[in-house]
Amino acid sequence: MIDLAIAFSGSVIDRADAVRSDPEKLAALTNWRARLLRLDGLAPQIAPDGGLDWGSLADADPAAELLFLGLSPDGRACFAGVDPKLVGVGNTAPPDPRLWQVMGLLSPPDLAVYGAAKALVDWHARHRFCGRCGHATGLAKGGWQRNCSNQACCAEHFPRVDPVTIMTVEHHGRLLLGRQPRFPPRRYSALAGFIEPGETVEEAVAREISEEAGLVVRDVRYVASQPWPFPSSLMIACHAFADHDDVTIDRTELDDARWFSRDEVIAAMRGDDSAAFVAPPPYAIAHHLMRWWLNP
Ligand SMILES: [Zn+2]
(Lines give C-alpha, C1' and ligand atoms only; values in the text may rest on other atoms or scores of the structure.)
Protein backbone atom coordinates (compact mmCIF):
# COMPACT_ATOMS: atom_id res chain seq x y z
CA MET A 1 0.00 0.00 0.00
CA ILE A 2 1.31 3.47 -0.90
CA ASP A 3 0.18 5.59 2.08
CA LEU A 4 2.47 8.59 1.62
CA ALA A 5 1.82 11.28 -1.01
CA ILE A 6 3.96 10.64 -4.08
CA ALA A 7 5.84 13.86 -4.81
CA PHE A 8 4.63 15.72 -7.93
CA SER A 9 1.28 13.86 -7.96
CA GLY A 10 -2.12 15.05 -6.72
CA SER A 11 -2.55 18.41 -8.48
CA VAL A 12 -5.86 20.16 -7.77
CA ILE A 13 -5.79 22.00 -11.10
CA ASP A 14 -8.38 20.85 -13.66
CA ARG A 15 -6.53 20.47 -16.95
CA ALA A 16 -9.75 21.56 -18.73
CA ASP A 17 -9.08 20.04 -22.14
CA ALA A 18 -12.32 21.57 -23.50
CA VAL A 19 -10.91 25.03 -22.70
CA ARG A 20 -7.42 24.48 -24.06
CA SER A 21 -8.90 23.12 -27.31
CA ASP A 22 -11.17 26.16 -27.80
CA PRO A 23 -9.35 29.46 -28.46
CA GLU A 24 -12.50 31.52 -27.74
CA LYS A 25 -13.07 29.90 -24.34
CA LEU A 26 -9.39 30.29 -23.50
CA ALA A 27 -9.39 33.96 -24.52
CA ALA A 28 -12.46 34.59 -22.35
CA LEU A 29 -10.62 33.17 -19.33
CA THR A 30 -7.43 35.14 -20.02
CA ASN A 31 -8.59 38.07 -17.90
CA TRP A 32 -7.93 39.97 -14.66
CA ARG A 33 -8.98 36.94 -12.57
CA ALA A 34 -6.43 34.68 -14.20
CA ARG A 35 -3.34 33.72 -12.21
CA LEU A 36 0.27 33.59 -13.35
CA LEU A 37 2.65 31.18 -11.62
CA ARG A 38 5.78 33.07 -10.63
CA LEU A 39 8.94 31.13 -11.47
CA ASP A 40 12.58 32.00 -10.98
CA GLY A 41 13.87 30.52 -14.23
CA LEU A 42 12.57 26.99 -13.75
CA ALA A 43 12.58 27.09 -9.93
CA PRO A 44 9.45 27.75 -7.85
CA GLN A 45 8.97 31.02 -6.01
CA ILE A 46 7.54 30.71 -2.52
CA ALA A 47 4.83 33.11 -1.29
CA PRO A 48 4.86 34.51 2.28
CA ASP A 49 2.18 31.92 3.23
CA GLY A 50 4.55 29.11 2.20
CA GLY A 51 2.63 28.17 -0.97
CA LEU A 52 3.40 28.77 -4.62
CA ASP A 53 3.63 32.45 -5.50
CA TRP A 54 0.94 33.55 -7.98
CA GLY A 55 0.60 36.93 -9.69
CA SER A 56 -1.75 38.27 -12.34
CA LEU A 57 -1.29 38.25 -16.11
CA ALA A 58 -0.32 41.92 -15.85
CA ASP A 59 2.96 40.64 -14.33
CA ALA A 60 3.78 38.55 -17.41
CA ASP A 61 6.73 39.42 -19.64
CA PRO A 62 5.07 40.59 -22.90
CA ALA A 63 7.62 38.51 -24.83
CA ALA A 64 6.82 35.32 -22.88
CA GLU A 65 4.60 32.59 -24.32
CA LEU A 66 1.72 31.91 -21.92
CA LEU A 67 0.92 28.29 -21.09
CA PHE A 68 -2.54 27.42 -19.80
CA LEU A 69 -2.07 25.06 -16.85
CA GLY A 70 -5.80 24.63 -16.26
CA LEU A 71 -8.50 25.87 -13.91
CA SER A 72 -8.04 26.29 -10.16
CA PRO A 73 -10.80 24.91 -7.87
CA ASP A 74 -12.38 28.40 -7.80
CA GLY A 75 -12.58 28.45 -11.61
CA ARG A 76 -9.70 30.83 -12.31
CA ALA A 77 -7.44 30.17 -15.27
CA CYS A 78 -3.86 29.37 -14.23
CA PHE A 79 -0.92 30.15 -16.50
CA ALA A 80 2.86 29.90 -16.55
CA GLY A 81 5.10 31.97 -18.81
CA VAL A 82 8.07 30.74 -20.85
CA ASP A 83 10.80 33.16 -19.77
CA PRO A 84 12.48 34.40 -23.01
CA LYS A 85 15.85 33.86 -21.29
CA LEU A 86 15.08 30.12 -21.15
CA VAL A 87 14.24 29.79 -24.84
CA GLY A 88 16.71 27.53 -26.59
CA VAL A 89 18.29 26.68 -23.24
CA GLY A 90 15.94 24.93 -20.81
CA ASN A 91 17.45 22.60 -18.30
CA THR A 92 17.92 18.85 -18.55
CA ALA A 93 20.16 18.59 -15.48
CA PRO A 94 19.08 16.60 -12.39
CA PRO A 95 17.59 18.78 -9.65
CA ASP A 96 20.06 20.94 -7.77
CA PRO A 97 20.14 19.90 -4.06
CA ARG A 98 19.48 23.56 -3.15
CA LEU A 99 16.33 23.44 -5.29
CA TRP A 100 15.07 20.59 -3.10
CA GLN A 101 15.26 22.84 -0.06
CA VAL A 102 12.89 25.28 -1.80
CA MET A 103 10.60 22.55 -3.10
CA GLY A 104 10.53 20.97 0.35
CA LEU A 105 8.55 24.01 1.55
CA LEU A 106 5.62 23.27 -0.77
CA SER A 107 2.53 21.22 0.09
CA PRO A 108 2.03 18.05 -2.02
CA PRO A 109 -0.67 19.67 -4.26
CA ASP A 110 1.51 22.76 -4.82
CA LEU A 111 4.50 20.58 -5.64
CA ALA A 112 2.34 18.76 -8.24
CA VAL A 113 1.27 22.06 -9.84
CA TYR A 114 4.88 23.23 -9.91
CA GLY A 115 6.14 19.94 -11.38
CA ALA A 116 3.68 20.00 -14.27
CA ALA A 117 4.40 23.68 -14.98
CA LYS A 118 8.16 23.15 -14.81
CA ALA A 119 8.08 20.20 -17.22
CA LEU A 120 5.83 22.11 -19.65
CA VAL A 121 7.82 25.38 -19.57
CA ASP A 122 11.06 23.43 -20.01
CA TRP A 123 9.64 21.53 -23.01
CA HIS A 124 8.60 24.77 -24.76
CA ALA A 125 12.01 26.30 -24.08
CA ARG A 126 13.74 23.35 -25.78
CA HIS A 127 11.38 22.56 -28.67
CA ARG A 128 11.37 25.67 -30.85
CA PHE A 129 11.91 23.85 -34.14
CA CYS A 130 10.15 21.04 -35.96
CA GLY A 131 11.87 17.67 -35.60
CA ARG A 132 10.62 16.67 -39.05
CA CYS A 133 11.51 19.67 -41.28
CA GLY A 134 13.48 22.07 -39.07
CA HIS A 135 11.15 25.08 -39.42
CA ALA A 136 10.07 27.11 -36.38
CA THR A 137 7.15 25.83 -34.33
CA GLY A 138 4.39 27.88 -32.69
CA LEU A 139 2.38 27.36 -29.54
CA ALA A 140 -1.09 25.75 -29.88
CA LYS A 141 -3.82 24.41 -27.56
CA GLY A 142 -2.89 26.73 -24.73
CA GLY A 143 0.62 25.30 -24.62
CA TRP A 144 -0.18 21.57 -24.79
CA GLN A 145 0.95 21.41 -28.41
CA ARG A 146 3.35 23.11 -30.84
CA ASN A 147 2.65 23.19 -34.58
CA CYS A 148 5.16 23.44 -37.38
CA SER A 149 4.95 26.77 -39.25
CA ASN A 150 5.94 25.19 -42.57
CA GLN A 151 2.72 24.79 -44.58
CA ALA A 152 4.23 21.85 -46.46
CA CYS A 153 4.83 20.03 -43.15
CA CYS A 154 2.22 21.07 -40.54
CA ALA A 155 3.59 18.52 -38.04
CA GLU A 156 2.04 18.61 -34.58
CA HIS A 157 4.32 18.19 -31.56
CA PHE A 158 3.19 17.28 -28.06
CA PRO A 159 4.92 17.75 -24.69
CA ARG A 160 7.18 14.77 -24.13
CA VAL A 161 6.92 12.30 -21.29
CA ASP A 162 9.78 9.81 -21.12
CA PRO A 163 8.92 6.52 -19.38
CA VAL A 164 11.54 5.18 -16.98
CA THR A 165 11.38 1.88 -15.12
CA ILE A 166 12.65 1.82 -11.54
CA MET A 167 12.68 -1.51 -9.80
CA THR A 168 13.55 -3.52 -6.76
CA VAL A 169 14.61 -7.14 -7.18
CA GLU A 170 14.06 -9.77 -4.51
CA HIS A 171 15.81 -13.06 -3.85
CA HIS A 172 15.13 -15.22 -0.78
CA GLY A 173 13.83 -12.26 1.22
CA ARG A 174 16.67 -9.89 0.36
CA LEU A 175 16.50 -6.80 -1.85
CA LEU A 176 18.94 -5.74 -4.56
CA LEU A 177 19.84 -2.03 -4.46
CA GLY A 178 22.52 -0.09 -6.30
CA ARG A 179 24.64 3.04 -6.13
CA GLN A 180 25.04 5.48 -9.00
CA PRO A 181 28.28 7.52 -9.05
CA ARG A 182 26.35 10.79 -8.48
CA PHE A 183 24.61 9.56 -5.30
CA PRO A 184 25.45 11.05 -1.89
CA PRO A 185 27.76 8.90 0.31
CA ARG A 186 26.31 5.52 1.41
CA ARG A 187 23.05 6.04 -0.55
CA TYR A 188 21.64 2.89 -2.18
CA SER A 189 18.46 2.89 -4.22
CA ALA A 190 16.39 0.95 -6.74
CA LEU A 191 17.95 0.38 -10.17
CA ALA A 192 16.41 2.39 -13.01
CA GLY A 193 16.55 2.92 -16.76
CA PHE A 194 14.67 4.39 -19.71
CA ILE A 195 12.20 2.24 -21.59
CA GLU A 196 13.36 1.80 -25.18
CA PRO A 197 11.26 1.67 -28.35
CA GLY A 198 9.68 -1.74 -28.83
CA GLU A 199 9.66 -2.74 -25.15
CA THR A 200 6.93 -3.44 -22.64
CA VAL A 201 7.47 -2.20 -19.08
CA GLU A 202 8.16 -5.79 -18.02
CA GLU A 203 10.72 -6.30 -20.80
CA ALA A 204 12.48 -3.04 -19.92
CA VAL A 205 12.72 -4.09 -16.26
CA ALA A 206 14.20 -7.46 -17.24
CA ARG A 207 16.70 -5.87 -19.65
CA GLU A 208 17.87 -3.20 -17.20
CA ILE A 209 18.40 -5.76 -14.42
CA SER A 210 20.25 -8.03 -16.83
CA GLU A 211 22.47 -5.17 -18.10
CA GLU A 212 23.24 -3.55 -14.76
CA ALA A 213 23.35 -6.55 -12.43
CA GLY A 214 23.59 -9.66 -14.64
CA LEU A 215 20.43 -11.19 -13.17
CA VAL A 216 17.52 -12.95 -14.86
CA VAL A 217 14.23 -11.83 -13.31
CA ARG A 218 10.65 -13.13 -13.37
CA ASP A 219 7.21 -12.12 -12.12
CA VAL A 220 7.65 -8.41 -12.78
CA ARG A 221 4.77 -6.44 -11.27
CA TYR A 222 3.77 -2.80 -11.33
CA VAL A 223 3.66 -1.00 -7.94
CA ALA A 224 3.26 2.77 -8.48
CA SER A 225 4.22 5.66 -10.76
CA GLN A 226 5.48 9.22 -10.39
CA PRO A 227 5.73 12.19 -12.75
CA TRP A 228 9.34 13.38 -12.43
CA PRO A 229 9.89 16.79 -14.05
CA PHE A 230 13.70 16.55 -14.54
CA PRO A 231 13.18 17.12 -17.34
CA SER A 232 9.99 15.18 -18.06
CA SER A 233 10.01 11.54 -16.99
CA LEU A 234 7.33 9.17 -15.80
CA MET A 235 8.87 6.86 -13.22
CA ILE A 236 7.20 3.42 -13.34
CA ALA A 237 8.03 1.54 -10.15
CA CYS A 238 8.08 -2.26 -10.35
CA HIS A 239 9.14 -5.25 -8.33
CA ALA A 240 10.63 -8.48 -9.66
CA PHE A 241 12.13 -11.74 -8.39
CA ALA A 242 15.51 -13.23 -9.26
CA ASP A 243 16.18 -16.99 -9.14
CA HIS A 244 19.84 -16.52 -8.18
CA ASP A 245 21.88 -13.84 -6.40
CA ASP A 246 25.12 -13.89 -8.37
CA VAL A 247 25.40 -10.19 -9.27
CA THR A 248 27.61 -8.95 -12.13
CA ILE A 249 27.80 -5.17 -11.85
CA ASP A 250 27.97 -2.89 -14.91
CA ARG A 251 30.62 -0.47 -13.63
CA THR A 252 29.85 2.07 -16.37
CA GLU A 253 26.39 2.55 -14.80
CA LEU A 254 26.85 1.69 -11.13
CA ASP A 255 29.46 2.09 -8.42
CA ASP A 256 28.01 -0.88 -6.59
CA ALA A 257 24.99 -3.15 -6.26
CA ARG A 258 24.34 -5.51 -3.38
CA TRP A 259 21.72 -7.47 -1.51
CA PHE A 260 20.24 -6.11 1.71
CA SER A 261 18.24 -8.04 4.29
CA ARG A 262 14.79 -6.97 5.40
CA ASP A 263 16.22 -5.76 8.73
CA GLU A 264 18.87 -3.70 6.93
CA VAL A 265 16.20 -2.06 4.74
CA ILE A 266 14.03 -1.35 7.81
CA ALA A 267 16.95 0.31 9.63
CA ALA A 268 17.83 2.43 6.58
CA MET A 269 14.21 3.53 6.07
CA ARG A 270 14.09 4.51 9.76
CA GLY A 271 17.23 6.62 9.20
CA ASP A 272 19.25 4.80 11.84
CA ASP A 273 22.85 6.08 12.06
CA SER A 274 24.06 2.49 12.24
CA ALA A 275 22.08 1.38 9.16
CA ALA A 276 23.96 -0.48 6.43
CA PHE A 277 23.10 2.23 3.90
CA VAL A 278 21.25 5.53 3.48
CA ALA A 279 17.77 5.11 1.94
CA PRO A 280 16.43 7.35 -0.86
CA PRO A 281 14.46 10.38 0.40
CA PRO A 282 10.63 10.41 0.65
CA TYR A 283 10.23 12.51 -2.53
CA ALA A 284 11.75 9.67 -4.58
CA ILE A 285 9.52 6.86 -5.87
CA ALA A 286 12.27 4.42 -4.82
CA HIS A 287 11.44 5.33 -1.21
CA HIS A 288 7.80 4.35 -1.79
CA LEU A 289 8.86 1.16 -3.54
CA MET A 290 10.96 0.13 -0.54
CA ARG A 291 8.14 1.00 1.87
CA TRP A 292 5.76 -1.07 -0.21
CA TRP A 293 8.20 -4.02 -0.13
CA LEU A 294 8.35 -3.83 3.66
CA ASN A 295 4.58 -3.50 4.01
CA PRO A 296 2.75 -4.48 0.80
ZN1 LIG B 1 7.83 20.80 -39.88
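A few points on the structure.

### A closer look at unusual backbone geometry
For step 1, the next point in the chain: Cis geometry marks the peptide bond from phenylalanine 230 to proline 231; its omega dihedral reads 0°.
For step 2, the next point in the chain: With respect to the helices and strands, the residue proline 231 is situated in the loop between β13 (217–228) and β14 (233–242).
For step 3, the next point in the chain: A positive phi is found at lysine 141, a non-glycine position, where the angle reads about 50°.
For step 4, the next point in the chain: Turning to its location among the elements, lysine 141 is positioned in the loop between β7 (137–140) and β8 (145–148).
For step 5, the next point in the chain: Unusually for a residue other than glycine, cysteine 154 sits at a positive phi of about 55°.
For step 6, the next point in the chain: By the secondary structure assignment, cysteine 154 is in the loop between β8 and β9 (156–157).
For step 7, the next point in the chain: With a relative accessible area of 42%, cysteine 154 lands in the partly exposed category.

### Description of the environment of leucine 191
For step 1, the next point in the chain: In this fold, leucine 191 is placed in strand β12 (residues 191–194).
For step 2, the next point in the chain: Each C-alpha atom, one on leucine 191 and one on alanine 237, is 10.0 Å from the other, the two residues being 46 residues apart in sequence.
For step 3, the next point in the chain: Once you skip the residues sitting within four places of it in the chain, leucine 191 turns out to touch Thr165, Ile166, Met167, Leu176, Gly178, Ile209, Glu212, Ala213 and Leu254.

### As for the packing of helix α6 (residues 262–270) against helix α7 (residues 285–294)
For step 1, the next point in the chain: For the pair α6 and α7, the least separation of the axes is 11 Å and the interaxial angle reads 130°. Considering their axes alone, α6 and α7 lie oblique with respect to each other. Our pair here, α6 against α7, has a crossing hand that is left-handed. For the pair α6 and α7, contact is made by Arg262, Val265, Ile266 and Met269 and by His287, Met290, Arg291, Trp293 and Leu294, respectively.

### A closer look at the sheet that holds strand β4 (residues 54–56)
For step 1, the next point in the chain: Here we have 4 strands laid out as an open sheet, ordered β4-β1-β6-β5, and mixed in their pairing. Two strands close off the open sheet at either side, each with one partner strand: β4 and β5 (65–71). Between one strand axis and the next, the sheet turns through 40° on average, direction left out of account.
For step 2, the next point in the chain: Both β5 and strand β6 (residues 77–82) contribute to a ladder of 6 bridges, which runs antiparallel. For leucine 67, the partnering residue across the bridge sits in β6 and is alanine 80.

Reading the values: the criteria
- Residues numbered from 1 in each chain as written.
- Predicted model: local features only at pLDDT ≥ 70, side-chain atom pairs only at ≥ 80, totals over all residues.
- Heavy atoms only, no water.
- Helix = DSSP H or I, 4+ residues; strand = E, 2+ residues; numbered from the N terminus.
- Buried < 20%, exposed > 50% of the residue type's maximum accessible area, 1.4 Å probe, protein only.
- Contact = heavy atoms within 4.5 Å.
- Axes fitted to C-alpha atoms, helices over the stretch in contact; angles between N-to-C directions.
- Parallel < 35°, antiparallel > 145°, perpendicular 65-115°, else oblique.
- Left-handed = near helix turned anticlockwise from the far one by under 90°.
- Pairing = 2+ DSSP bridges.

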